[in-house]
Amino acid sequence: MKVAVYYDLQDIRIEEMPEPKIGEDEILVQMKACGVCGSDLMGWYLKNRAPLVLGHEPTGIVARKGKQVDIVSLGDRVFVHHHVACMTCHYCLNGDYTLCERFHETNIEPGGFAEYFRVPAPNLRLDTLKIPENLSFEEATLIEPVGCCIRALKKCGLQYGDSVAIIGAGPTGLIHTTLAKTFGASAIIVSDLVESRLNFARKFGADRAINPKNEDLSEGVKAETDGRGVDIAVVTAPSLEAYKAGLDICRRGGKLCVFAPTTPGQYIHMSPKELFFSEIRIVPSYSTSHLETRLALDLMVSGRVNLGELISHRFKLDETAKAFEMALAGERSLKVVVLNN
Ligand SMILES: [Zn+2]
Ligand SMILES: [Zn+2]
């Protein structure tokens, strides 16, 4: 079968690889669509693991199944989560599923940018979801990123009527925008340095879209929140400036959500005195569990959350290198998906 092997961001090659063999409690999925994620573009994160087959936002059709498998049938349309928790360790028992030691060890083989991939038994049992006919394969690739955003907003305790600022209007920033609206935020302020993305932010539900190059973000936020600052600021841009801005626009007692990692070795200075008196809470949120993927699917199937327009570019598996190039050119693209027909 054909796979796209990542050697480096600028070096992705199409290679042949044997189709993975499956066990009695596993399935083989024919990939139909797989999203390119921001984390696929973080060179520092992948450096020590290359060469490898990336792709963790895959959907497809059940092509083979082991004898013991009874929860899916051949031909079913499925979304597969690449990581699942063990459900029995200390982290899992406390709801910290994405911190479970086994979370990273459970992985689809070889990855989503392949004609076929194997789904190990734990992933099949806990987080392989059937996709109803009214949701396309490419839209269903958004289940994983939407799940990540739902988890973050849940961790921040988003309540009906909260004011929310989202820093960075890339794909995850726009998903946060849509979700904040769906979950009843009273004011949504989005900032980005790219004008075209701000237009999308307005389309996806932002009440105010601010380009900090032209307008002072904290003044804009004050105008929307009676001078207080937002209840929740979500940082989806991996830069220190974004985090500083996020801290700056949180109200006293508000939450700053750490959603995008900066490159290693970058630090923000914080004053415990200021933090103490402001009671701003720092809420990091990494990945998504089986709980949010289901919610993401339900919200998309019901049409409560409509994200089709987020997908700006489609490439064939053979053109995975081009897909990455396009995803990197953030001024011209939003979500990029790789298709296999
Ligand atoms: Zn992702
Ligand atoms: Zn666990």
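Scroll up a little and you will see the structure.
Now for a look at the structure at hand.

The rules behind these values
- Residues numbered from 1 in each chain as written.
- Chains lettered and ligands numbered in written order.
- Predicted model: local features only at pLDDT ≥ 70, side-chain atom pairs only at ≥ 80, totals over all residues.
- Heavy atoms only, no water.
- Pairing = 2+ DSSP bridges.
- Helix = DSSP H or I, 4+ residues; strand = E, 2+ residues; numbered from the N terminus.
- Axes fitted to C-alpha atoms, helices over the stretch in contact; angles between N-to-C directions.
- Phe/Tyr/Trp six-rings, centres within 6.5 Å; stacked < 30°, edge-to-face > 60°.
- Buried < 20%, exposed > 50% of the residue type's maximum accessible area, 1.4 Å probe, protein only.
- Lys NZ or Arg CZ within 6 Å of the ring centre and 35° of its normal.
- Donors = N, O, S within 2.8 Å, 3.2 Å for Na, K, Ca; no water.
- Salt bridge = Lys/Arg side-chain N within 4 Å of Asp/Glu carboxyl O.
- Tetrahedral: all angles 85-135°; square planar, octahedral: opposite > 155°, others 65-115°.
- Core = buried A, V, L, I, M, F, W, Y, C linked by side-chain atoms within 4.5 Å.
- Contact = heavy atoms within 4.5 Å.

**Points about the sheet that holds strand β11 (residues 230–235)**
- Pairing in this open sheet of six strands is parallel, and the strands run β10-β9-β8-β11-β12-β13 from one edge to the other. The open sheet has two edge strands, β10 (208–210) and β13 (281–284), and neither has a second partner. Going from strand to strand, the sheet's axes swing by 20° on average, the running direction of each strand aside.
- As defined by bridge partners, strand β12 (residues 250–258) adjoins β13 across four bridges and the pair is classed as parallel.

**Considerations on the packing of aromatic side chains**
- For the coordinates displayed, the defined rule picks out six aromatic pairs.
- Note on Phe 113 and Phe 324: the rings are 5.7 Å apart at their centroids and 75° apart in plane angle, and the pair reads as edge-to-face. Taken together, the positions of Phe 113 in the loop between α2 (90–93) and β6 (116–119) and Phe 324 in helix α12 (residues 320–328) put the pair 211 residues apart, joining distant regions of the chain. The pair formed by Phe 113 and Phe 324 is uniform in burial state, with each residue classed as buried.
- Between the aromatic rings of Phe 200 and Phe 204, the centroid separation amounts to 6.4 Å while the plane-to-plane angle is 45°, which identifies the pairing as tilted.
- Overall, the relative accessible area of 8% leaves Phe 204 in the buried class.
- Each member of the aromatic cluster is reached from another via a ring pair, and the members are Tyr 6, Phe 113 and Phe 324.
- The positively charged end of Arg 49 is found above the aromatic ring belonging to Tyr 45, 5.3 Å away from the centroid.

**Side note on the coordination of the zinc ion (ligand 1)**
- Only Cys 37 (SG), His 56 (NE2) and Glu 57 (OE) from the protein reach the zinc ion (ligand 1) as donors, at distances of 2.2 to 2.8 Å.
- Taken in sequence order, the residues that donate to the zinc ion (ligand 1) follow the motif C-x18-H-E. Of the two residues, Cys 37 sits in the loop between β3 (27–36) and α1 (43–46) while Glu 57 sits in the loop between α1 and β4 (58–65), which places them 20 residues apart along the sequence. Here the two residues Cys 37 and Glu 57 agree in accessibility, since each one is buried.

**A few points about the pattern of salt bridges**
- The final tally for this structure, using the stated rule, is 18 salt bridges.
- Measuring nitrogen to oxygen at the nearest pair gives 3.3 Å for the salt bridge that ties Glu 24 to Lys 67. Here Lys 67 lies in the loop between β4 and β5 (77–80) and Glu 24 lies in the loop between β2 (11–16) and β3, a separation of 43 residues in the sequence.
- Under the relative-accessibility criterion, Glu 24 is labelled partly exposed at 38%.
- Ionic pairing is found between Lys 203 and Glu 309, a salt bridge with its closest N-O pair at 2.9 Å. Highlighted residues: Lys 203 in helix α7 (residues 195–203) and Glu 309 in the loop between α11 (290–301) and β14 (311–316), separated in sequence by 106 residues.
- Note on Lys 203: relative accessible area 56%, which makes it exposed.
- Residues joined in a network through salt bridges with shared partners are Glu 26, Glu 109 and Arg 118.

**Re the coordination of the zinc ion (ligand 2)**
- Those protein atoms acting as donors to the zinc ion (ligand 2) are Cys 86 (SG), Cys 89 (SG), Cys 92 (SG) and Cys 100 (SG), and they sit at 2.3 to 2.4 Å.
- Geometry at the zinc ion (ligand 2) is tetrahedral, judged from the four donor atoms that bind it and their angles of 105 to 116° at the metal.
- The motif formed by the donor residues of the zinc ion (ligand 2), counted along the single chain, is C-x2-C-x2-C-x7-C. Of this pair, Cys 86 sits in the loop between β5 and α2 while Cys 100 sits in the loop between α2 and β6, placing them 14 residues apart in sequence.

**Looking at the nonpolar core**
- Val 146, Leu 179 and Leu 307 are the most contacted members of the largest nonpolar core, which has 46 residues in total.
- Going through the elements one at a time, α4 (137–140), α5 (143–155), β8 (163–167), α6 (171–182), β9 (187–191), β11, α11 and β15 (335–339) are the ones with two or more residues in this core.
- By residue number, the principal contributor to this core is α5, which donates seven residues.
- Sequence-distant contacts of Val 146, that is, excluding residues within four places in its chain, are made with Ile 175, Leu 179, Ala 296, Met 300 and Leu 307.
- In terms of nonpolar packing, the next biggest core, distinct from the first, is built from 36 residues, Val 29, Leu 46, Phe 113 and Val 119 among them.

Read these as geometric descriptors, not functional statements.
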